[in-house]
Amino acid sequence: MTLPGMTPGAGPTEHLWQSRAELLAARAEAVPEIERQLLSPWRLLGRSALALVTVLAAGMGGMALQDRGGSDPVVAVVCFLVAVAATVPVIRAARRNRALFAELAGWEEAERQGRWLPTGALRPELRMPVDARNDADFDQVAIVATVAAYTRPWGVRLLLRAVPAGLGVALGLALVLGGTSELPQPVAVASLLSGGYLLLSSLVVAGAATRHAYRMTRRYSDLATEIDALDLERSRGART
């Protein structure tokens, strides 16, 4: 996500930040928007509906081919075209989500890389524990950051992504297995293709959400280690 003032096409780790205040302000604006796009229930519902359209259209096309009468071949072709058309926005959304996950990770890396920048006019609410290491309210800043890092991997919107993904895996596997049974050949082929597509797309969604949750869990672990080190540094400083 390129914000006003950022170099066009440059990611958060490539942009030349003038101060840590500028970096953290941009991060505070960009990250919620990225997560909104990634975890929007409506976007997830739309992609799930399109996946269902693909499966139903492919199944209807297979059944139309099985019935030898009248205009059924035309119906089958229309159904298969609808199934293919419904996969296009889903594939685009998957590629977009991959880019958003990478950008989210980029902002986290930029925050770590930007710790040696001049502080600038840093707003108090944007401070990370490392920014507050010499401040009287360090403990409060550390608690807020820790709670946010701990709860993000288990957020409701992220967990919601697992529901359609799990259902898609189950239904896709059932369709693939059904396609290998003694069904009429057109129906079996349609079942295999639609089931394979649904299984693969659901695994991609589940895998991306799992990787994202794992990265956030690692971020929480790293933050907890960092806070312990800062606490020890503050304790030593207080004794000297």
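The shown structure was predicted, so the numbers you read here are calculated from the model rather than taken from an experiment.

Draft legend 1. Representation of a nonpolar patch on the surface within the structure. Judged by side-chain polarity, Val53, Val74, Val78 and Val82 come together as a nonpolar surface patch covering roughly 300 Å² of accessible area. Counting residues per element, the nonpolar patch draws most heavily on helix α3 (residues 72–113), at three residues. When you line up the elements, Val53 lands in helix α2 (residues 41–66). Residue Val53 is classed as partly exposed on the basis of its relative accessible area, which comes to 36%.

Draft legend 2. Spatial organisation of the pattern of salt bridges. Using the criterion set out here, one finds 12 salt bridges in the structure. The partner of Arg27 in a salt bridge is Glu108, and the shortest N-O contact between them spans 3.4 Å. One end of the pair, Arg27, is in helix α1 (residues 20–39); the other, Glu108, is in helix α3, with 81 residues separating them in the sequence. When its relative accessible area of 14% is taken as the criterion, Arg27 is described as buried. The closest approach of N and O atoms between Arg36 and Glu33, which form a salt bridge, is 2.7 Å.

Draft legend 3. Quick peek at the packing of aromatic side chains. Within this structure, the stated rule accounts for one aromatic pair. Where Trp17 meets Trp107, the ring centres are 5.8 Å apart and the plane angle is 50°; that geometry is what we call tilted. One end of the pair, Trp17, is in the segment before α1; the other, Trp107, is in helix α3, with 90 residues separating them in the sequence.

Draft legend 4. A look at the environment of Ser201. Inspection of the secondary structure assignment puts Ser201 in helix α7 (residues 185–239). Spatially, the C-alpha atom of Ser201 lies 8.1 Å from that of Gly168, the residues being 33 residues apart in sequence.

Draft legend 5. The layout of surface pockets, seen in detail. Estimated volume of the largest pocket: approximately 800 Å³. Surrounding the largest pocket, 32 residues form its lining, Val90, Ser201, Ser202, Val204 and Val205 being those nearest its centre. Where the lining of the largest pocket is concerned, the elements lending two or more residues are α2, α3, α6 (162–179) and α7. Among the elements that make up the lining of the largest pocket, the one with the highest residue count is α7 (11 residues). When its residues are assigned to classes, the lining of the largest pocket shows 20 nonpolar, six polar and six charged.

Draft legend 6. Geometry of the side chain of Arg20. By the secondary structure assignment, Arg20 is in helix α1. Side chain to side chain, Arg20 and Asp131 meet in a polar contact 2.4 Å long. Not counting chain neighbours up to four residues away, the residues in contact with Arg20 comprise Glu111, Gly114, Arg115, Leu117, Pro118, Thr119, Met128, Val130 and Asp131.

Draft legend 7. Spotlight on the nonpolar core. Counting 14 residues, the largest nonpolar core has Trp17, Leu23, Ile34, Leu38, Leu104 and Trp107 as the members making the most contacts within it. Going through the elements one at a time, α1 and α3 are the ones with two or more residues in this core. For this core, the element with the highest residue contribution is α1, accounting for seven residues. In this structure, Ala132, Phe138, Ala149 and Ile227 belong to the second largest nonpolar core, which totals 11 residues.

Draft legend 8. A look at α6. With 18 residues, α6 extends 25 Å from end C-alpha to end C-alpha; this agrees with the ideal 26 Å at 1.5 Å per step. For α6, the complete set of buried residues consists of Ala165, Gly168, Gly172, Leu175, Gly178 and Gly179. For α6, the angular spread of buried residues about the axis comes to 150°, placing them on one side. Away from the buried face of α6 by more than 90 degrees, exposed residues Leu167 and Leu177 are located.

Procedures and definitions
- Residues numbered from 1 in each chain as written.
- Predicted model: local features only at pLDDT ≥ 70, side-chain atom pairs only at ≥ 80, totals over all residues.
- Heavy atoms only, no water.
- Patch = residues over 30% accessible without salt bridge, like charges linked within 9 Å, V, L, I, M, F, W, Y side chains within 5 Å.
- Areas by Shrake-Rupley, 256 points an atom, 1.4 Å probe, with all protein chains shown as cover.
- Salt bridge = Lys/Arg side-chain N within 4 Å of Asp/Glu carboxyl O.
- Helix = DSSP H or I, 4+ residues; strand = E, 2+ residues; numbered from the N terminus.
- Buried < 20%, exposed > 50% of the residue type's maximum accessible area, 1.4 Å probe, protein only.
- Phe/Tyr/Trp six-rings, centres within 6.5 Å; stacked < 30°, edge-to-face > 60°.
- 1 Å grid on protein atoms, 1.4 Å probe; cavity = no way out; pocket = protein on both sides within 12 Å on 5 of 7 lines; lining within 4 Å.
- Points joined across faces, edges and corners; volume = space filled by probe spheres on them.
- Nonpolar A, V, L, I, M, F, W, Y, C, P; charged D, E, K, R; others polar.
- Polar contact = N/O pair within 3.5 Å; in protein donor to acceptor, adjacent residues only side chain to side chain.
- Contact = heavy atoms within 4.5 Å.
- Core = buried A, V, L, I, M, F, W, Y, C linked by side-chain atoms within 4.5 Å.
- Expected span 1.5 Å × (residues − 1).
- Arc of directions from axis to C-beta.

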